[in-house]
Amino acid sequence: MPGKLKVVLGIYAINVVLNILNSGWISAVIGVLIMAFLFKGSDTMRKVVIVFAVIGLVFSVLGLLGIGALLAVLSAAGGESTGGMGDVIIALLSIVFGIVGSIYTIWALTRQDVKDWMLAKASGAAAAG
């Protein structure tokens, strides 16, 4: 298995854990199913994940813009808010993880070695590992 694909599976594993911690059970189950199909070498799932990564990238960028607007409002209000800056920092880190994860996923799943491995795995010719 190409290292790039292992990283993508790791990104999905982190998302599954975060979904479980946030009681997002349906999202967690979907994440596990996506990981299983990618590991099996499903080229259709590879393409679906790329589309989801593009959508995730768009929403993450929009979220980043929203955080920027929130920070502007907080600074104009003198930094006093009920949520506090800690919540804003956590949201910002989540958004940055979403952007970086989406970009990496798109890049990794469009590489020829990943495509070749998935084709070989789906046809039964890939070695496990």
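What comes next concerns the included structure.

The rules behind these values
Positions within a chain are numbered from 1, following the residues in the order the chain's sequence is written. Whole-chain, interface and lining totals are the exception, using all residues; otherwise, since this is a predicted model, local features are given only for residues with pLDDT of at least 70 and side-chain atom pairs are given and counted only at 80 or more. Water and hydrogen atoms play no part in the side-chain values, which are based on all heavy atoms of the structure. Put simply, DSSP marks the helices as runs of H or I at least four residues long and the strands as runs of E at least two long, and each gets a number from the N terminus on. Burial classes follow relative accessibility: with a 1.4 Å probe on protein chains only, a residue under 20% of its type's maximum area counts as buried, one over 50% as exposed, and anything between as partly exposed. We call two residues in contact whenever any of their non-hydrogen atoms come within 4.5 Å of each other. Only buried residues count toward a nonpolar core. Its members are Ala, Val, Leu, Ile, Met, Phe, Trp, Tyr and Cys residues joined through side-chain atoms within 4.5 Å. Surface patches are drawn from residues lacking salt bridges whose relative accessible area is over 30%; two like charges belong together within 9 Å, two nonpolar side chains (Val, Leu, Ile, Met, Phe, Trp, Tyr) within 5 Å. Note on areas: Shrake-Rupley with a 1.4 Å probe; residue coverage comes only from the protein chains shown. In the sections that follow, a salt bridge refers to a side-chain nitrogen of Lys or Arg positioned within 4 Å of a carboxyl oxygen of Asp or Glu. To estimate how far a helix should reach, multiply one less than its number of residues by 1.5 Å. When we speak of the arc, we mean the arc of directions from the helix axis to the C-beta atoms.

Here we take up the overall build of the protein chain. Scanning the protein chain from terminus to terminus reveals 5 helices and 0 strands. Each helix and strand of the protein chain, ordered N terminal to C terminal, gives the series α-α-α-α-α. The buried share of the protein chain, reckoned over its 129 residues, is 26%. In the protein chain, the proportion of contacts linking residues at least 24 apart, taken out of those at least 6 apart, comes to 69%.

With that settled, the discussion passes to the nonpolar core. Grouped together as the largest cluster of nonpolar side chains are 15 residues, with contacts concentrated most on Leu5, Ile34, Leu38, Val49, Leu109 and Met118. Listed by contribution, the elements that provide at least two residues to this core are helix 1 (3-21), helix 2 (25-40), helix 3 (43-76), helix 4 (84-109) and helix 5 (112-123). It is helix 1 that contributes the most residues to this core, 4 residues altogether. Among residues more than four places away in sequence, those in contact with Met118 are Leu5, Leu38, Gly41, Ser42 and Arg46.

By secondary structure assignment, the location of Gly41 is in the loop between helix 2 and helix 3. Among all residues touching Gly41, those that are not within four sequence positions of it are Met118, Lys121 and Ala122.

Attention shifts here to a nonpolar patch on the surface. Taken together, the side chains of Val48, Val51, Phe52, Val54, Ile55, Val58, Phe59, Val61, Leu62 and Leu65 define a hydrophobic patch exposed on the protein surface, amounting to about 900 Å² of accessible area. Its place among the elements puts Ile55 in helix 3.

Here the focus is the pattern of salt bridges. Within this structure, the stated rule accounts for 3 salt bridges. Between Lys47 and Asp43 there is a salt bridge, and its shortest N-O distance comes to 3.3 Å. Here Lys47 and its partner Asp43 are both found in helix 3, 4 residues apart, which amounts to about one turn of the helix. Of the residues examined, Asp43 reaches a relative accessible area of 31% and is grouped as partly exposed. Residues joined by salt bridges that share partners form a network here, namely Asp43, Arg46 and Lys47.

Before going further, it helps to examine helix 1. Helix length check: helix 1, at 19 residues, gives a terminal C-alpha distance of 27 Å against a target of 27 Å (1.5 Å per residue), a fit within 8%. Turning to helix 1, its buried residues number three or more, namely Leu5, Val8, Leu9, Ile11, Tyr12 and Val16. Looking down the long axis of helix 1, one finds its buried residues gathered within 150 degrees of arc, a one-sided arrangement. Backbone geometry just after helix 1 places Ser23 at a positive phi near 60 degrees.

The terminal C-alpha atoms of helix 5 lie 16 Å apart, and with 12 residues this matches the ideal 16 Å at 1.5 Å per residue to within 8%. Immediately downstream of helix 5, the backbone of Gly124 shows phi near 90 degrees, a positive value.

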